[in-house]
Amino acid sequence: FKPYTIKGDIHNLEFENDLSVGEYYWKVRAKSEIGIWGDYSDYSSFLIGVPDVSVLLYPLSESFHYDLSLSDSLIFSWDNNNLSEYQLQIKHNNSNEILIDSFVNSTNTWISLETLGYGTHVWKVRGKNNMGIWSDWSEELSFWVPYILDNEYVDIPSQNFQMSKYPISTEQYINFLN
């Protein structure tokens, strides 16, 4: 045990140093006004655990965003584990170069595609609870922003839709599906 001596009427105890992950036991005793110590209480315990890993929601794994240009932004979102802060990392899939290493206080954030550029990227998130303990990293999900020469669209009146003038190649689409 690491003893803490407290004077006065204490209802909430705050530790001077952060506690690490683990199980903690505690007991208390009081000192009377004339200086006599009472017996210790029974032991109680509490557990400090690692926060749950966040589940990534969007962009989905192996998704591609053919309808975006570099002037657009893409939203990244994950589940809320009631944590106080999150760390988002996005990197190039091939080079493993970290493009974004951002700390945010919400479960979603917009990232400019100009910052990321074209190609395949992977992203992951971890969260920190109000005790300063970080969760493990989430799984990594990949997404793809294809190389599009222009954001021009061609009307297809007989089909009642538009399609990109420069669509992704068949090979790129098949690779994405596999």
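Residues numbered from 1 in each chain as written. Predicted model: local features only at pLDDT ≥ 70, side-chain atom pairs only at ≥ 80, totals over all residues. Heavy atoms only, no water.

Here we look at the overall build of the chain
Secondary structure assignment for the chain yields 2 helices and 12 strands. Its helices and strands taken in sequence order, the chain reads β-β-β-β-β-β-β-β-α-β-β-β-β-α from the N to the C terminus. Carbon and sulfur atoms make up 48% of the accessible area of the chain, which amounts to about 12400 Å² in all. (Helix = DSSP H or I, 4+ residues; strand = E, 2+ residues; numbered from the N terminus. Areas by Shrake-Rupley, 256 points an atom, 1.4 Å probe, with all protein chains shown as cover.)

Observations concerning the pattern of salt bridges
For the coordinates displayed, the defined rule picks out 3 salt bridges. Two residues, Glu-140 and Lys-91, come together in a salt bridge whose shortest N-O distance is 3.3 Å. With Glu-140 in the loop between β9 (119-128) and β10 (141-145) and Lys-91 in strand β6 (residues 85-92), the pair connects residues that are 49 residues apart, well separated along the chain. Residue Glu-140 is classed as partly exposed on the basis of its relative accessible area of 39%. The closest approach of N and O atoms between Lys-124 and Glu-140, which form a salt bridge, is 3.9 Å. Of this pair, Lys-124 sits in strand β9 while Glu-140 sits in the loop between β9 and β10, and the two are 16 residues apart along the sequence. (Salt bridge = Lys/Arg side-chain N within 4 Å of Asp/Glu carboxyl O. Buried < 20%, exposed > 50% of the residue type's maximum accessible area, 1.4 Å probe, protein only.)

Focus on the confidence of the model for the chain
For the chain, the average pLDDT comes to 76, and 66% of its residues sit at 70 or higher. Taken element by element, the chain is modelled with least confidence in helix α2 (residues 170-177), mean pLDDT 49, and with most confidence in β6, mean pLDDT 92. (pLDDT = per-residue confidence, 0-100.)

Brief notes about the packing of aromatic side chains
Applying the stated rule across the entire model yields 5 aromatic pairs. Following the ring pairs from residue to residue traces out a cluster consisting of Phe-76, Trp-78, Tyr-86, Trp-123 and Phe-143. Positioned over the ring face of Trp-137 is Lys-124, at 4.5 Å from the centre of the ring. (Phe/Tyr/Trp six-rings, centres within 6.5 Å; stacked < 30°, edge-to-face > 60°. Lys NZ or Arg CZ within 6 Å of the ring centre and 35° of its normal.)

Concerning the sheet that holds strand β5 (residues 73-78)
Strand order across the open sheet formed by 3 strands is β3-β5-β8, with antiparallel pairing between neighbours. The open sheet has two edge strands, β3 (56-58) and β8 (108-112), and neither has a second partner. Averaged over all neighbouring strand pairs, the angle between strand axes comes to 30°, with direction disregarded. Strand direction decides the pairing type here: β3 and β5, joined by 2 bridges, are antiparallel. Bridging across to β5, Leu-56 finds its partner in Trp-78. (Pairing = 2+ DSSP bridges. Axes fitted to C-alpha atoms, helices over the stretch in contact; angles between N-to-C directions.)

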